[in-house]
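Remarks on the overall topology
Residue strings, one per chain:
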Amino acid sequence: MFDRILVALDFSRSAWLALETARTRFPGSARTLLYVQPPGRGRPSPLALLGTTQHPEAQALRDVEDQLQPRESFVLGVGNTVDEILRTAHDREADLIVLGTHGRQGLSQLVLGSVAAAVVRRSPVPVLTVRLSGPRSGPA
């Protein structure tokens, strides 16, 4: 059903779960794994990150590359996360975007915004959001 899937990674637990979900629910699909580095002064470029051992994101980037499965590719982007996800989905002709969500609600989502919510609103293709299940509040 979905032949080309874009999986957005931010190295959070929900992003790893999104990747695992894409792999298990759509095993025959081609998957592009995308990590977007926000622009910022003094930050190394994504390619420079791969060559360093001192940056905290460097090992996570290498782990992704080392664990690529058949029909998976890894893309590094720099810029606005939502724009880069949508651009890469278009460029790779993705027919599904899969991404983790942190599940913020209420005021924290309003103040902080939500990458997942923005992608869902703006994407011309279906978006599957994956959220970690956590403790429930209130009675069971």
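Residues numbered from 1 in each chain as written. Predicted model: local features only at pLDDT ≥ 70, side-chain atom pairs only at ≥ 80, totals over all residues. Heavy atoms only, no water.

Things to note about the overall build of the protein
Check the secondary structure of the protein and you find six helices and five strands. The order of α-helices and β-strands along the protein, N terminus first, is β-α-β-α-α-β-α-β-α-α-β. Buried residues in the protein amount to 41% of all 140 residues. (Helix = DSSP H or I, 4+ residues; strand = E, 2+ residues; numbered from the N terminus. Buried < 20%, exposed > 50% of the residue type's maximum accessible area, 1.4 Å probe, protein only.)

A word on the pattern of salt bridges
Summed over all chains, the structure comprises five salt bridges. For arginine 23, the salt bridge is made with glutamate 72, and the minimal N-O distance between the two is 2.7 Å. Highlighted residues: arginine 23 in helix 1 (residues 13–25) and glutamate 72 in strand 3 (residues 72–78), separated in sequence by 49 residues. Look at arginine 23 and you get buried, because its relative accessible area is 13%. The class of glutamate 72 is buried, set by a relative accessible area of 10%. With a closest N to O distance of 2.8 Å, arginine 87 and glutamate 84 form a salt bridge. Here arginine 87 and its partner glutamate 84 are both found in helix 4 (residues 81–91), three residues apart, which amounts to about one turn of the helix. With a relative accessible area of 11%, glutamate 84 lands in the buried category. (Salt bridge = Lys/Arg side-chain N within 4 Å of Asp/Glu carboxyl O.)

Structural notes on the sheet that holds strand 4 (residues 96–101)
The sheet built from five strands is open, its strands ordered 3-2-1-4-5 with parallel pairing. Two strands in the sheet have a free side with no partner beyond their single neighbour: strand 3 and strand 5 (127–131). On average, adjacent strands in this sheet sit at an angle of 25° to one another, irrespective of strand direction. The pairing of strand 2 (residues 30–37) with strand 3 spans seven bridges and is classified as parallel. Along strand 3, the bridge assignment pairs arginine 31 with glutamate 72. (Pairing = 2+ DSSP bridges. Axes fitted to C-alpha atoms, helices over the stretch in contact; angles between N-to-C directions.)

Describing the environment of serine 123
Within the element layout of this structure, serine 123 appears in the loop between helix 6 (115–122) and strand 5. In this structure, the C-alpha to C-alpha distance between serine 123 and valine 82, residues 41 residues apart in sequence, is 9.6 Å. Once residues within four sequence positions are removed from consideration, serine 123 is found in contact with Leu86 and Ile97. A polar side-chain atom of serine 123 sits 2.7 Å from the main-chain carbonyl oxygen of valine 125. (Contact = heavy atoms within 4.5 Å. Polar contact = N/O pair within 3.5 Å; in protein donor to acceptor, adjacent residues only side chain to side chain.)

Brief notes about the side chain of threonine 32
Along the chain, threonine 32 falls in strand 2. Its relative accessible area of 9% is what places threonine 32 among the buried residues. Among residues more than four places away in sequence, those in contact with threonine 32 are Ile5, Leu6, Val7, Ser73, Val75, Thr88 and Arg92.

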